[in-house]
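Coordinates in review
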Amino acid sequence: GTLGGGTTRCRRASRQKTNPFVFVLPPAQCTLSAMIILEMSNRVIADALRSRLQTLRANAEAVAEDDKQKVEAIDVTVADFDGVLYHVSNPEGDRNKILISIGAKFYHQLQEHGADELMKREYAGYLQSPEAGYDVSLLVDLDALASKSDADAEVIITRIALLRRNCFAAVFEKYFEMQQKATGLDSPPAVINYRDNESMWFGALKDRVTVVFSVLFQDADDVIIGKIFMQEFKEGRRANQQAPQVLFSHRDPPAELAKAQGAATGDNIGYVTFVLFPRHIDAKQKDRTIDMIHTFRDYLHYHIKCSKAYLHSRMRARTSNLLKVLNRARPDTEGKEKKTMSGKSFRKA
């Protein structure tokens, strides 16, 4: 499988400390901070559709039959974040059609919050009966896609590549609507067990929506680096009051999960809470909010690994420099020929 997530580099606004997550929700004119943001869409699926679409369009413009190329067959399994798997294939060997299926262990929990209805809304005309072993299947007719304009075709390809993101969007949209309509505010938090031993909780209150992540750190060093990241998130809100409030608790779950079941405790467990106010979940900002928050766990671990790799490279460079210093300090008298007062030569053993 291939990990379907590229990276996009953002700009640094200034030299002062900034919250690496403030790009989520501030007004559009705010400058993004200098962090690497993981792509929301699956690059492998998007590239597979684009390359075959280009082949069909090139064939339509070819004059001679010899200039036409066969559309490449495909049958691959693609791994994405959080244990999500895609299967991309040609149904019944028809190369001009591509069946894209997605499977997630936690999809049945998303169904309880309207995932099936959101799939019908976003992928009307593409939905098929799910392939065996998968939860959602989309059938793309490349001939029909080639008949559309470049802009329309790109919109469709991007939407299909966002299939994983749109599965998550259902529970976000449900709780955003609950807060806006002030319904179900006393209900216990919804839980999505999106990874083994890691979960997400959603709660709606009168003036805010809370999203809580449990994060499992495999290494003690990850806990330390993770705490530093979380502290920067909290400090960053001082520089941008439009950013959501970010809270981090180590070992014990936060107060928002007092009514929740299954919240683990331990030295390698951390809880990250995002407090989203009405300005973060209105019609203008909600899609951007979902984009950023649903990938937060992957974003955090990506930057922890990058930080550790950077520290290791600096330690290796420092060790190399120290060895060079020691080599230069080594005396050069070993094996040097010496003479006695009588003029005889000898070498010191």
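Refer to the structure presented above.
Residues numbered from 1 in each chain as written. Predicted model: local features only at pLDDT ≥ 70, side-chain atom pairs only at ≥ 80, totals over all residues. Heavy atoms only, no water.

**Details of helix H7 (residues 220-239)**
Under the convention used in this document: What counts as a helix is a DSSP run of H or I of at least four residues, what counts as a strand is a run of E of at least two, and both are numbered from the N terminus. The span one expects for a helix is its residue count, reduced by one, times 1.5 Å. Residues adjacent in sequence count toward polar contacts only when both atoms are side-chain atoms; beyond that, a polar contact is any pair of N or O atoms within 3.5 Å, and within protein one must be able to donate a hydrogen and the other to accept it.
Between the first and last C-alpha of H7 there are 30 Å, a value that for 20 residues agrees with the 28 Å anticipated at 1.5 Å per step. N-cap assignment for H7: the residue whose side-chain oxygen lies 2.8 Å from the backbone N of Asp 221 is Asp 219.

**Overview of the sheet that holds strand S12 (residues 269-276)**
Worth spelling out the cut-off: A pair of strands is treated as paired once DSSP finds two or more bridges between them. Between N-to-C directions, angles cover 0 to 180 degrees, with each direction set by a line fitted to C-alpha atoms, over the stretch in contact for helices.
Strand order in the open sheet formed by 5 strands is S8-S9-S10-S12-S11, and the pairing between neighbours is antiparallel. Two strands bound the open sheet, and with one partner strand each, they are strand S8 (190-195) and strand S11 (245-250). Between one strand axis and the next, the sheet turns by 20° as a mean value, whatever way the strands run. Examined bridge by bridge, S11 and S12 share 6 bridges and lie antiparallel to one another. What sits directly across from Val 246, in S12, is Phe 274.

**Observations concerning a negative patch on the surface**
Stated formally: Each patch is built from salt-bridge-free residues with over 30% relative accessible area, joining like charges within 9 Å and nonpolar side chains (Val, Leu, Ile, Met, Phe, Trp, Tyr) within 5 Å. Where accessible areas are quoted, they stem from the Shrake-Rupley method and a 1.4 Å probe; at the residue level, only the protein chains shown are allowed to cover. Throughout this description, the term salt bridge denotes a Lys or Arg side-chain nitrogen within 4 Å of a carboxyl oxygen of Asp or Glu. Only four residue types enter the tally: Lys and Arg on the positive side, Asp and Glu on the negative side; His and the chain ends are excluded. In this description, the location of a charge corresponds to atom NZ of lysine, CZ of arginine, CG of aspartate or CD of glutamate.
Together, Glu 92, Asp 94, Asp 141 and Asp 143 line one region of the surface with negative charge. With respect to the helices, strands and loops of the structure, Asp 143 is situated in helix H4 (residues 142-146).

**Examining the sheet that holds strand S5 (residues 97-103)**
Rules: A contact between two residues is defined here by any heavy atoms of the two lying within 4.5 Å.
Strands sit in the order S3-S4-S5-S7-S6 across an open sheet of 5 strands; the sheet is antiparallel. Because the sheet does not close on itself, it has two edges, and the strands there are strand S3 (75-79) and strand S6 (127-128). Each of strand S4 (85-89), S5 and strand S7 (136-141) touches helix H6 (residues 163-181); the most contacted strand, S5, lies at about 45° to it.

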